[in-house]
Amino acid sequence: MSEDTEKHRALLSALRDAAGRGDGSFEQAVTNAFEHVFEHLGRLNDHVALSGSDGGDPHLKPGESPTLR
């Protein structure tokens, strides 16, 4: 199993275990999960650029939306 799959399972398990506790652990689990999602999005953004056939357009910047052409 990949390290990332293990991380996903751990994050999901932490969310399930913390649900309904009322001690702040659920909020922390959600924060951890979103931080991991943002890591994925950052890596995706590094690999994807809106570009024409010349490939010259820059990567998206934080908060920037792609435009349809």
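A brief report on the enclosed structure follows. Remember, predicted model here, so these are calculated numbers, not experimental data. (Residues numbered from 1 in each chain as written. Predicted model: local features only at pLDDT ≥ 70, side-chain atom pairs only at ≥ 80, totals over all residues. Heavy atoms only, no water.)

A word on the overall build of the protein
Consideration 1: In terms of helices and strands, the protein carries 2 helices and 0 strands.
Consideration 2: With the model as given, the accessible surface of the protein reaches about 5700 Å², and the carbon-plus-sulfur share is 56%. (Helix = DSSP H or I, 4+ residues; strand = E, 2+ residues; numbered from the N terminus. Areas by Shrake-Rupley, 256 points an atom, 1.4 Å probe, with all protein chains shown as cover.)

Here we look at the packing of aromatic side chains
The geometry of two aromatic rings is summed up by the distance between their centres and the angle between their planes.
Consideration 1: Applying the stated criterion across every chain yields a total of 1 aromatic pair.
Consideration 2: Both rings, one in F34 and one in F38, keep their centres 6.1 Å apart while their planes meet at 35°; by these two values the pair is tilted. Of the two residues, F34 and F38 are both situated in helix α2 (residues 25-47); the distance of 4 residues between them amounts to about one turn of the helix.
Consideration 3: F34 gets classed as partly exposed once you look at its relative accessible area, which sits at 47%. (Phe/Tyr/Trp six-rings, centres within 6.5 Å; stacked < 30°, edge-to-face > 60°. Buried < 20%, exposed > 50% of the residue type's maximum accessible area, 1.4 Å probe, protein only.)

Regarding a nonpolar patch on the surface
Consideration 1: Together, F34, V37, F38, L41, L44 and V48 give the surface a local cluster of nonpolar side chains, amounting to about 570 Å² of exposed area.
Consideration 2: Within the secondary structure layout, V48 lies in the segment after α2.
Consideration 3: By relative accessible area, which is 40% here, V48 ends up partly exposed. (Patch = residues over 30% accessible without salt bridge, like charges linked within 9 Å, V, L, I, M, F, W, Y side chains within 5 Å. Salt bridge = Lys/Arg side-chain N within 4 Å of Asp/Glu carboxyl O.)

Brief notes about the environment of Q28
Consideration 1: Within the fold, Q28 resides in helix α2.
Consideration 2: Take Q28: its relative accessible area is 44%, and that puts it in the partly exposed class.
Consideration 3: For the pair Q28 and L15, spaced 13 residues apart in sequence, the C-alpha separation works out to 8.8 Å.
Consideration 4: Of the polar contacts made by the side chain of Q28, one reaches the side chain of N32; its length is 2.8 Å. (Polar contact = N/O pair within 3.5 Å; in protein donor to acceptor, adjacent residues only side chain to side chain.)

Function cannot be inferred from these measures alone, as they are strictly geometric.
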